[in-house]
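Summary of structural features
Listed here are the chains, written in short residue letters.
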Amino acid sequence: MSDRTVAVLAGGLSHEREVSLRSGRRLAGALRANGVDVREWDVDGALLGRLNDERPDVVAVALHGGEGENGAVQQILELLHIPFVGTPSGACRRAWDKPSVKAELVRAGLTTPDWVALPHSTFRELGAQGVLSAIVERLGLPLVLKPDQGGSALGVQVVSDAAELPAAMVSSFAYADTVLAEQFVSGTEVAVSVVHDGDEPRALPAVEVEVPSGFYDYTCRYTPGAASFHCPARLPDDVLATLAETALAAHRLLGMRDLSRTDAIVDDEGRVHVLEMNVSPGLTDTSLLPTAVTAAGSDLATVYQALVERAASRPG
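These numbers were taken from a predicted model, which means no experiment stands behind them.

Residues L48, I76 and L79 make up a contiguous nonpolar surface patch of roughly 270 Å² in combined accessible area. Along the chain, the position of I76 falls in helix α3 (residues 72-79). For I76, a relative accessible area of 33% corresponds to the partly exposed category.

It is worth spelling out the sheet that holds strand β2 (residues 37-42) at this point. Taken together, four strands build an open sheet; the order of strands is β2-β1-β3-β4 and the sheet is parallel. Across the chains shown, the open sheet's two edge strands, defined by having one partner strand only, are β2 and β4 (84-85). Sheet analysis places strand β1 (residues 5-10) next to strand β3 (residues 58-61), joined by four bridges and oriented parallel. When the sheet's bridge partners are listed, V8 is paired in β3 with A60. Seen against the sheet, helix α2 (residues 47-54) touches β1, β2 and β3 and runs at an angle of roughly 155° to β2.

It is worth spelling out the sheet that holds strand β8 (residues 178-183) at this point. Spatial strand order, β5-β8-β6-β7: four strands in an open sheet with antiparallel pairing. The outermost strands of the open sheet, each flanked by one partner alone, are β5 (115-119) and β7 (157-159). The mean angle between the axes of side-by-side strands here comes to 20°, regardless of whether they run parallel or antiparallel. Where strand β6 (residues 143-147) and β8 come together, five bridges link them in antiparallel fashion. When the sheet's bridge partners are listed, P147 is paired in β8 with V179. Lying over the sheet, helix α5 (residues 98-107) contacts β5, β6 and β8, oriented at roughly 150° with respect to β5. Docked against the sheet, helix α7 (residues 128-139) engages β5, β6 and β8, running at close to 165° with respect to β5.

Reading guide: rules and limits
- Residues numbered from 1 in each chain as written.
- Predicted model: local features only at pLDDT ≥ 70, side-chain atom pairs only at ≥ 80, totals over all residues.
- Heavy atoms only, no water.
- Patch = residues over 30% accessible without salt bridge, like charges linked within 9 Å, V, L, I, M, F, W, Y side chains within 5 Å.
- Areas by Shrake-Rupley, 256 points an atom, 1.4 Å probe, with all protein chains shown as cover.
- Salt bridge = Lys/Arg side-chain N within 4 Å of Asp/Glu carboxyl O.
- Helix = DSSP H or I, 4+ residues; strand = E, 2+ residues; numbered from the N terminus.
- Buried < 20%, exposed > 50% of the residue type's maximum accessible area, 1.4 Å probe, protein only.
- Pairing = 2+ DSSP bridges.
- Contact = heavy atoms within 4.5 Å.
- Axes fitted to C-alpha atoms, helices over the stretch in contact; angles between N-to-C directions.

This is how it looks when you write it as structure tokens:
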């Protein structure tokens, strides 16, 4: 691996910039410790020049939100014929839109909480109160409001009282023009990462998230000690097997490549409800994919070195 040059892309201009920089630093440090020649590049106006002038052997995308997950950066790398670790641009675009992902999951026979997705213009033109009342009648309370795009739980609200809905909608609309209202499912929150570092993709051990407040928000995700993690999740073996099968099925269904993370809720009856899919899982000290990698008996550098080799061997 010492003869490979790997450019780690992080930062960018999304709301998740700081988290992305932390992911990029951790990944770059892990690869360097294993003797890899790593360049850390922010995604800014100088990126195209760097890619053309220095042409790394492989790019590892550690971007979260915006261009890093909606397929834009991946499309540029494809145009330049630079191999990269991660999902192709087209599949990134599919996975970026949460309502579309949920519709695909349902068509494939997978379970996801019932939902309604409406743009800001609908509330403005038809009257917010009437639209909110119709949503509550369909989904009940409590319900979850989230931007239709983006990650890190930014803009996500759990609403138990109808009187709280207008303010919660405003908070979610601060991050996107369309808000997804989702039926709240009570249960155990888990994440299952999939990596394709061998002949076939494999599901890593499920990580259970335990949060004293009951809501795994942005602060809990990136503040050490704010949440507890159990890996493997404290669930029956048959449920863990179903989680692994579900994550692999969703990974393949959406055309994901190299790695992904499926976030889900397991209800009290053991049913798996997929919440959303991630094409660029976090790699920070509190992120879930590295926790699963460690529980599987490996480490971040080993997994990513294998993914780099896969990317380098793909036809240009």
